[in-house]
Amino acid sequence: VSALTVSSLLERLRAGDRRACARLISIVEDEAEGTTEILNELYPLMGRAYRIGITGPPGAGKSTLVEKLAQECRSRGKTVGIVAVDPTSPFSGGAVLGDRVRMPALFTDPGVFIRSMATRGGMGGLATRTKEVCDVLDAFGVDYILVETVGVGQVELDIASAAHSTLVVLVPESGDSIQVMKAGLMEIGDVFCVNKSDRQGADRLVMAIQAMLELKQVRNGWMPPVVKTSATDGTGTGELLARLDEHRKYLGDSNLLVARRKSSIRAEIRELVEARLRREIWTRTDVSDELSLLVEKVFEGGSTPYRAADEILGLVQPDAGQEVREK
Ligand SMILES: Nc1nc2c(ncn2[C@@H]2O[C@H](COP(=O)(O)OP(=O)(O)OP(=O)(O)O)[C@@H](O)[C@H]2O)c(=O)[nH]1
Ligand SMILES: [Mg+2]
């Protein structure tokens, strides 16, 4: 992507052009050339959107809830970005089509921006880009960003660290309160939702969750509320959005938002430095030549991976290598 294209896309995004926003998201998602410039330029526009991560077991009704929450936002005159992270069908476009069929009203609403992302298989590969996609949406000016992800492990923990509030969606029939604890969902939920409450066992699950939450220490004075919903007919979704808004307000009032923001800025800078160092080191030809030699040397028993690492560090930065060796 040429610098000229990037700057014209940025101009169009600032003017509220959705297609420019979509293009910029694609560039950033692919980490294509121009990504750094885009994120740099858009940075001053970020920080307004309220980011909500929605997670829970497959089939719990997350997408249906997202659709209803988006409608709640719209009925309050707010704009919404929806990011659906689909770990099951990378590149298939299936998620997009499915959502398009299911959420026809949202797809034609200019106040809603929907984006599906594949996880690309790799661990952590997802989370890094999800944040940037949300950043672009934030800069575009949406009021709410709803990120849906299936509760499959590390992924939703990463989402939790990127969102202001995390909504954990559970359903009565899964009866999996133990699984929930195992998956660490109890730890990350700021608000809990028992969906499909039109089915049996919802009240029991609400009580079980509340009991588990009471056993845990209430974090920083916030007791996660548990809301019953039936996403298909929209029951409880207004209250759910109200609870989420309360959590956001709580974060603001308690200064936690500032603390979270600073720690995420710190993490982001560190990540960028590390990524850049990594790239700079492993793309140097003298380093990769040396690495190939060292692999053989270690393999033949003439060295160890630790000494080999010292040598590489010595090559990259003589002083640093020296220090490591002296230890
Ligand atoms: N009875 C009932 N069915 C629901 C409710 N909410 C969602 N469903 C149904 O549950 C099924 C799964 O809903 P989705 O919204 O696709 O669930 P999901 O959590 O996004 O699923 P994945 O993204 O595949 O993990 C759909 O057939 C929905 O119509 C509810 O409140 N009550
Ligand atoms: Mg879904």
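Higher on the page you've got the structure.
Note that residues are indexed from 1 along each chain, following the sequence as it is written. Think of it this way: whatever chain is written first is A, whatever ligand is written first is 1, and the rest follow in order. Since the coordinates come from a predicted model, pLDDT governs what is reported: local features require at least 70, and pairs of side-chain atoms require 80 or more to be given and counted, while whole-chain, interface and lining totals use all residues. Here the side-chain values reflect all heavy atoms present in the structure, with hydrogen atoms and water set aside.

Moving on, we come to helix α15 (residues 305-316). The end-to-end C-alpha separation of α15 is 16 Å, in line with the 16 Å expected for twelve residues at 1.5 Å each. Residue burial is assigned from relative accessible area. The probe radius is 1.4 Å, only protein chains are included, and a residue is buried under 20% of its type maximum, exposed over 50%, and partly exposed in between. A run of H or I in DSSP counts as a helix once it spans at least four residues, and a run of E counts as a strand once it spans at least two, with each numbered from the N terminus. The set of residues buried in α15 consists of Ala308, Asp310, Ile312 and Gly314. Here, expected helix span is obtained from the residue count minus one, scaled by 1.5 Å.

Let us look at the packing of helix α1 (residues 3-14) against helix α2 (residues 18-30). Axis angles are defined between N-to-C directions and span 0 to 180 degrees, where every axis is a line fitted to C-alpha atoms and, for a helix, only to the segment in contact. Between α1 and α2, the least distance of the axes is 8 Å, while the angle of their chain directions is 130°. Between α1 and α2, the angle falls in the class oblique. α2 is crossed by α1, and the crossing has left-handed handedness. Contacts between α1 and α2 involve Thr5, Leu9, Leu10, Arg12 and Leu13 on the former and, on the latter, Arg19, Ala20, Cys21, Arg23, Leu24 and Ile27. For the contact of α1 with α2, the class distribution of residues is seven nonpolar, one polar and three charged. Small angles under 35 degrees read as roughly parallel and large ones over 145 as roughly antiparallel, with 65 to 115 read as roughly perpendicular and the rest as oblique. Left-handed is the label given to a crossing in which the near helix is rotated counterclockwise from the far helix by less than a right angle, and right-handed is the label when the rotation is clockwise. Between two residues, a contact is recorded if the distance between any of their heavy atoms is within 4.5 Å. In this count, Pro and Cys sit with the nonpolar residues alongside Ala, Val, Leu, Ile, Met, Phe, Trp and Tyr, while Asp, Glu, Lys and Arg are called charged and the others, Gly among them, polar.

Here the magnesium ion (ligand 2) is held by Ser63 (OG) and Glu148 (OE), and the distances to it run 2.1 Å. In this pair, Ser63 is assigned in helix α4 (residues 62-75) and Glu148 in strand β4 (residues 144-150), connecting sequence segments 85 residues apart. Assessed through its relative accessible area of 11%, Glu148 is described here as buried. The donor set comprises N, O and S atoms within 2.8 Å of the metal, extended to 3.2 Å for Na, K and Ca; water molecules are omitted, so apparent gaps in a site may simply reflect that omission.

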